[in-house]
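Topology and contacts: notes
Chain by chain, the residues:
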Amino acid sequence: MVTNVTNFSRSGLYDWMAQRVSAVVLAAYFLFLIGYLIANPGLEFAQWRELFSSNWMRIFSLLALVALSVHAWVGMWTISTDYLTNMAIGKWATGVRFLFQAVCGIAMFTFFVWGVQILWGI
């Protein structure tokens, strides 16, 4: 049994911890945004822009973006290794799994870079 949480060798415990921590960050971000929307029922663009122009909100949003990327990668990697197997799709499973993971990785990286550009106006 793996007991070292700080092990970066793609252990099951590392993936489990990454999923849980990223889920907590995403939940906190979601609850904050819902609370903000409820507290400001007549929200206008100027208020929304003011919220997202503050550095603490940009950092919180960046943290949520990193958490979303980690959460999505671990989830899609787990799906690909669990379901794209030789038994499920035949002898091409390794190639299909590699292609699936490559597409997911490129998409997540693209969305992350795009999110950073939106947040920081780069």
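Residue numbers run consecutively from 1 along every chain, following the written order of its sequence. Whole-chain, interface and lining totals are the exception, using all residues; otherwise, since this is a predicted model, local features are given only for residues with pLDDT of at least 70 and side-chain atom pairs are given and counted only at 80 or more. Hydrogens and waters are ignored; side-chain quantities use all the structure's heavy atoms.

Digging into the overall build of the protein chain
Condition: Labels follow the DSSP assignment, with helices taken as runs of H or I lasting at least four residues and strands as runs of E lasting at least two, numbered in each case from the N terminus. The globule rule used here is 2.2 Å times the number of residues to the 0.38 power, and the radius of gyration it is set against is calculated over C-alpha atoms. Whether a residue is buried, partly exposed or exposed follows from its accessible area with a 1.4 Å probe, protein chains only, as a fraction of its type maximum: under 20%, in between, or over 50%, in that order. All accessibility values rest on the Shrake-Rupley procedure with a 1.4 Å probe; residue burial counts only the protein chains present in the view. Neither His nor the chain ends is counted toward charge; the positive residues are Lys and Arg and the negative residues Asp and Glu. Positions of charges follow a simple convention, taking NZ of Lys, CZ of Arg, CG of Asp or CD of Glu.
For the protein chain, the helix and strand inventory stands at five helices and zero strands. Starting at the N terminus, the α and β elements of the protein chain follow one another as α-α-α-α-α. The C-alpha atoms of the protein chain give 18 Å as radius of gyration, which overshoots the globular expectation for 122 residues (14 Å, by more than 25%). In terms of overall dimensions, the protein chain has a C-alpha envelope of 55 × 30 × 25 Å along the principal axes. Here the protein chain holds 122 residues, and the buried ones make up 23% of them. Counting only carbon and sulfur atoms, one obtains 73% of the accessible surface of the protein chain, whose full area is about 8600 Å². Charged side chains in the protein chain number 6 positive and 4 negative. The centres of these two groups are separated by 14 Å.

Focus on the UniProt feature "binding site: heme" (unreviewed entry) in the protein chain
So the rule is basically this: UniProt positions are given in the numbering used here, feature names are shortened, and annotations may be inferred rather than shown by experiment. For this analysis, residues touch if any pair of their heavy atoms sits within 4.5 Å.
Here the UniProt-annotated "binding site: heme" (unreviewed entry) positions come out as H71. If you trace the backbone, H71 turns up in helix α3 (residues 55-83). Among residues more than four places away in sequence, those in contact with H71 are Q19, S22, A23 and L26.

A word on the side chain of S80
Along the chain, S80 turns up in helix α3. Not counting the four nearest positions on each side in its chain, S80 is found in contact with R97, F100 and Q101.

Thoughts on a nonpolar patch on the surface
Condition: Here the term patch refers to residues with relative accessible area over 30% and no salt bridge, with like charges joined within 9 Å and nonpolar side chains (Val, Leu, Ile, Met, Phe, Trp, Tyr) within 5 Å. In the sections that follow, a salt bridge refers to a side-chain nitrogen of Lys or Arg positioned within 4 Å of a carboxyl oxygen of Asp or Glu.
On the surface, a cluster of nonpolar side chains totalling about 510 Å² of accessible area is made up of F30, L31, I34, L37 and I38. In this structure, L31 sits in helix α1 (residues 12-39). With a relative accessible area of 57%, L31 lands in the exposed category.

Comments concerning the UniProt feature "binding site: a ubiquinone" (unreviewed entry) in the protein chain
Feature annotation in UniProt places "binding site: a ubiquinone" (unreviewed entry) on Y83, given in this structure's numbering. Take Y83: it is sitting in helix α3.

Overview of α3
The test is simple: Residue count minus one, scaled by 1.5 Å, sets the expected span of a helix.
The end-to-end C-alpha distance of α3, which contains 29 residues, comes to 41 Å, matching closely the 42 Å that a straight helix rising 1.5 Å per residue would cover. Among the residues of α3, those classed as buried are M57, F60, S61, A64, L65, A67, S69, V74 and S80. Buried positions along α3 lie against α1, α2 (45-53) and α5 (93-120).

Topic: the confidence of the model for the protein chain
Note the threshold: What pLDDT conveys is the predictor's confidence in a given residue, as a value from 0 to 100.
Per-residue confidence for the protein chain gives a mean pLDDT of 88; residues scoring 70 or more make up 91%. The weakest mean pLDDT in the protein chain belongs to helix α4 (residues 86-89) at 76; the strongest belongs to α1 at 95. Confidence drops under a pLDDT of 50 for residues 1-8, and excluding neighbours within four residues, the segment shows nine contacts in the predicted structure.

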